[in-house]
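Listed below, chain by chain, are the residues.
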Amino acid sequence: MKQLGEILLDEGLVTERELMAAIEEQSTRGGSLGRTLVEIGFLSESQLVQALASQVGLDFIDLDEFSVDRLAVGQVPSSLCRRHVVLPIAIEGGVLVLATANPGNVVAVDDVRTMSGMQVRTVVATHDNLVRAIDRYCRADGEMENLSSAFEEEVNEVETDLSRMGDVVDDDAPIVRFVNLLVTQAITDRASDIHIEPAEKDLRVRYRIDGVLHETQRAPKQIQSGVISRVKIMSDIDIAERRKPQDGRMSVTHNGRKIDLRVATLPTVWGEKIVMRILDNSTASLDLRDLSFLDDNYEVYKEAYTKPYGMILVTGPTGSGKSTTLYATLNAVSRPEINVITVEDPVEYRLAGINQVQVNPKAGLTFAGALRSILRSDPDVVLLGEIRDHETAQIAIEAALTGHLVLSTLHTNDAPSAITRLTEMGIEPFLVGSALDAVVAQRLARKLCDKCKEPYEPTEVEMVGARFPWVPGEELPILHRPVGCVTCSKTGYRGRIALHEVMRVTEDIERHAVAHSSSADIAQTAKEQGMVPLREDGWRKVALGLTSIEEILRVVA
């Protein structure tokens, strides 16, 4: 058998000098030669696995490009695939082709051979590719459908004693497994929300992925009561109350991570609709530079949040990422020597080292009441979930003027409108201008899939129709458009990016506030002083190949 170094040299993956440097490094740090080459940066993970496959005489497969045969996947239970990190990808001449990252794992091969009753031929893939492919193809949808049928047989028993259902069912009961799979698959699919919607003849399940709802399943109407009751019990919601909306919260563990879900019920004509918002705590630990701020916008925003006092507002519709931006800002300003307090409704993400208060109107703890109380608790930075009324706005403005950094959100369509909205709430215009440092308007657009996006030259008609900042007669830019591949589930998009409009509140804009100027006048002055409007920030991200023209037109009016 050829040595790994010989194979790498023969295939031109490394030079002799790089190989010798890696061998010397390996003698110092220990470990394998291949891993040392990857850690130094001479070799990619994919190249290493390809060379190792060649060394043992096995084929290497790029699962992001390979068309996996779903019939082959169905030969082996998904639980076995996940346990051994293997995936059947094809059937060739009656032999099952098995992708693995560890071809020496004979136990996995034996288990697959036993379960499928077929001869097995192994091929090698990278571990990351394999995990993504398993998530893609070993979906819970099919198992959920089987459980739906199994649960129909038990439905009468469940409906007769709903109040005891959460206590008597065990982890293997069909209804428990159905709900667990529904949540697990949503997390795997990177969904932000799960919608369980009763209809006249069935129960519809939809996931919101990258801001767009996708129907994943229709379950029999008979399981509706059981599913809704199970979710309510997990969320500590009163299952006997079906006439009014209720809220709750649950936690699940997924791949070793604790993930919280915020649950809301809503009575409809066909039964209670449930929406579960998936709150992944990793989102709350993001760095501001991960939020796709372009350099000029980031510098303006950084100048505002690094001041010791003043107010920063993040505006936009529901679901535009305002909370994520504020949490990332808290991560940037939070230090052991300062006191950070938040007032939220509800507290979405638990943050270490930060005092978080949840409003409770039933107990008399409103936004305004909580804000008044925390100002007596010696805060340096205050995060206010939302400015909803005159009283809250007045206290927040006064806090910003008395030496506190105040972060909050407001529902407006653009940054300049925040000033007019505050004055409409009854805040004195001269106070608005003095307290406010910066306003960020934000939207979320789907990000083009890096694997399959393709460059193209747009037509002049397309550029003019989209109002892209291009002068007729100039050379047309090269843009990118979605194609669709297995990585992005054929949508052409994977993940989201934020579009920003960052307005610095200057003396001229303060004068506009005092003069009760319109949002259009404020916007005109802000643009003259360097503010980049939302749509223009979108066009800049289109030019960078991050998203498409169609996506910007979809999210920005």
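The structure displayed is predicted, hence computed values, not measured ones.

Draft legend 1. Quick peek at the overall build of the protein. From N to C terminus, the protein includes 25 helices and 18 strands. Across the 557 residues in the protein, those meeting the buried criterion constitute 50%. A sequence separation of at least 24 residues applies to 62% of the contacts in the protein between residues at least 6 apart. Accessible surface for the protein amounts to roughly 26,300 Å². Of this, 48% is attributable to carbon and sulfur atoms.

Draft legend 2. Main features of the pattern of salt bridges. A full pass over the atoms with the stated rule returns 31 salt bridges. The partner of D110 in a salt bridge is R113, and the shortest N-O contact between them spans 2.7 Å. With D110 and R113 both in helix α7 (residues 106-116), this residue pair falls 3 residues apart, about one helical turn. R113 gets classed as partly exposed once you look at its relative accessible area, which sits at 30%. The residue R243 makes a salt bridge to E241 at a minimum N-O spacing of 3.4 Å. According to the relative accessible area criterion, R243 is exposed, its value standing at 72%.

Draft legend 3. Spatial organisation of the packing of aromatic side chains. Across all of its chains, the model carries 4 aromatic pairs by this definition. Plain terms: the ring middles of F293 and Y301 are 5.4 Å apart, the flat faces sit at 10° to each other, and that makes the pair stacked. The two residues F293 and Y301 agree in class, both being buried. When the ring of F468 is compared with that of W539, the centres are 5.1 Å apart and the planes differ by 50°; the resulting orientation is tilted. Taken together, the positions of F468 in the loop between α21 (460-466) and β17 (479-481) and W539 in helix α24 (residues 534-543) put the pair 71 residues apart, joining distant regions of the chain. Among the residues examined, W539 registers a relative accessible area of 3% and is labelled buried. One aromatic cluster is present, built from ring pairs that chain together F293, Y298, Y301 and Y305. Across the ring face of Y298, the terminal group of R289 is positioned such that the distance to the ring centre comes to 4.1 Å.

Draft legend 4. Local environment of the packing of helix α12 (residues 174-188) against helix α13 (residues 224-234). Direction vectors running N to C along α12 and α13 enclose 70°, while the axes themselves pass 10 Å from each other. When the axis of α12 is compared with that of α13, the two are roughly perpendicular. For the pair α12 and α13, contact is made by I175, V176, F178, V179 and N180 and by G226, V227, R230, V231 and M234, respectively. Classifying every residue of the contact of α12 with α13 by side-chain character gives 7 nonpolar, 2 polar and 1 charged.

Draft legend 5. Geometry of the nonpolar core. Grouped together as the largest cluster of nonpolar side chains are 57 residues, with contacts concentrated most on M311, L313, I387, L436 and M503. Counting 30 residues, the second-largest nonpolar core is a separate cluster that includes M250, V252, L261 and V263.

Draft legend 6. Spatial organisation of the confidence of the model for the protein. Overall, the prediction assigns the protein a mean pLDDT of 84, with 88% of residues at 70 or greater. Mean pLDDT values over the elements of the protein span from 43, in helix α11 (residues 165-168), up to 95, in strand β10 (residues 310-315). With pLDDT under 50 throughout, residues 156-169 is counted as low confidence; its partners more than four residues away or in other chains account for 20 contacts.

Draft legend 7. Fine view of the environment of F367. Counting through the fold element by element, F367 comes out in helix α17 (residues 367-374). Here the alpha-carbon distance between F367 and I387, two residues 20 residues apart in the chain, equals 8.4 Å. For F367, the residues in contact, after removing those within four places along its chain, are V343, E344, D345, V359, L384, G385, E386, R388 and T392.

Draft legend 8. Quick look at the sheet that holds strand β7 (residues 246-254). The 6 strands are arranged β6-β5-β4-β9-β8-β7 in an open sheet whose pairing can be described as antiparallel. Edge positions in the sheet fall to β6 (212-220) and β7, since each of these pairs with one other strand and no more. Ignoring which end each strand starts from, the neighbouring axes of this sheet average 20° apart. Strand contacts of α13: β4 (191-198), β5 (202-209), β6, β7, β8 (257-268) and β9 (271-279), with the helix running at about 45° to β9, the strand carrying the most contacts.

Draft legend 9. Geometry of the UniProt feature "domain: Bacterial type II secretion system protein E" (unreviewed entry) in the protein. In this structure's numbering, the residues bearing the UniProt feature "domain: Bacterial type II secretion system protein E" (unreviewed entry) are residues 375-389. Secondary structure content for residues 375-389 is 0% helix and 27% strand, while the C-alpha to C-alpha distance between its ends is 18 Å.

Draft legend 10. Quick peek at unusual backbone geometry. In this structure, V85 takes a positive phi of about 50° despite not being glycine. Here V85 is to be found in the loop between α6 (78-84) and β1 (86-92). In this structure, R467 takes a positive phi of about 60° despite not being glycine. Under the relative-accessibility criterion, R467 is labelled exposed at 57%.

Draft legend 11. Up close: α13. Where burial is concerned, most of α13 is hidden: 8 out of the 11 residues are buried. Every buried residue of α13 is listed here: Q224, G226, V227, I228, S229, R230, V231 and K232. Looking one or two residues beyond α13, the residue adopting positive phi is D236, at roughly 60°.

Draft legend 12. Broad picture of the sheet that holds β1. In spatial order, the strands read β1-β2-β3; together these 3 strands make up an open sheet with mixed pairing. Two strands lie at the open edges of the sheet, namely β1 and β3 (119-124), each paired on one side alone. Going from strand to strand, the sheet's axes swing by 30° on average, the running direction of each strand aside. Of the pairings in the sheet, the one linking strand β2 (residues 95-100) to β3 comprises 6 bridges and is parallel in character. Looking at the pairing, L98 lines up with T122 of β3. Sheet contacts for helix α8 (residues 127-137): β1 and β2; angle to β1, the most-contacted strand, approximately 75°.

Draft legend 13. Here's a closer look at the environment of T114. Mapped onto the elements of the fold, T114 is located in helix α7. Among the polar contacts made by the side chain of T114, one reaches the main-chain carbonyl oxygen of D110 at a distance of 2.9 Å.

Parameters and conventions
In this numbering scheme, every chain counts its residues from 1 along its sequence in written order. Residues qualify for local features only when their pLDDT is at least 70, as the model is predicted, and side-chain atom pairs are given and counted only at 80 or more; totals for whole chains, interfaces and linings, by contrast, use all residues. Water and hydrogen atoms were dropped before computing side-chain values, which therefore reflect all heavy atoms in the structure. Going along the chain from the N terminus, every DSSP run of H or I of four or more residues is numbered as a helix, and every run of E of two or more is numbered as a strand. Burial classes follow relative accessibility: with a 1.4 Å probe on protein chains only, a residue under 20% of its type's maximum area counts as buried, one over 50% as exposed, and anything between as partly exposed. Note on contacts: a residue pair is in contact if any heavy atoms of the two residues lie within 4.5 Å. Methods summary: accessible areas were calculated by the Shrake-Rupley approach with a probe of 1.4 Å, and residue burial reflects only the protein chains presented. Just to be clear on terms, a salt bridge is a Lys or Arg side-chain nitrogen sitting within 4 Å of an Asp or Glu carboxyl oxygen. Stacked, tilted and edge-to-face pairs are distinguished by plane angle, under 30 degrees for stacked and over 60 for edge-to-face with tilted covering the rest, among Phe, Tyr and Trp rings (Trp via its six-membered ring) whose centres lie within 6.5 Å. Any Lys NZ or Arg CZ that is within 6 Å of a ring centre and within 35 degrees of that ring's normal is treated as a charge sitting over the ring. Simply put, an axis is a line fit to the C-alpha atoms, just over the touching stretch for a helix, and the angle between two N-to-C directions goes from 0 to 180 degrees. The labels follow the angle: roughly parallel below 35 degrees, roughly antiparallel above 145, roughly perpendicular from 65 to 115, and oblique for the rest. Charged means Asp, Glu, Lys or Arg here, nonpolar means Ala, Val, Leu, Ile, Met, Phe, Trp, Tyr, Cys or Pro, and polar covers whatever is left, Gly included. Take the buried residues of types Ala, Val, Leu, Ile, Met, Phe, Trp, Tyr and Cys, join any two whose side-chain atoms come within 4.5 Å, and each joined set is a nonpolar core. The predictor reports its confidence for every residue as pLDDT, a score running from 0 up to 100. Any two strands with at least two DSSP-identified bridges between them are counted as paired. UniProt positions are given in the numbering used here, feature names are shortened, and annotations may be inferred rather than shown by experiment. In protein, a polar contact means a hydrogen-donor-capable atom and an acceptor-capable atom, both N or O and within 3.5 Å, with residues adjacent in sequence counting only if both atoms are side-chain atoms; elsewhere, any N or O pair within 3.5 Å suffices.

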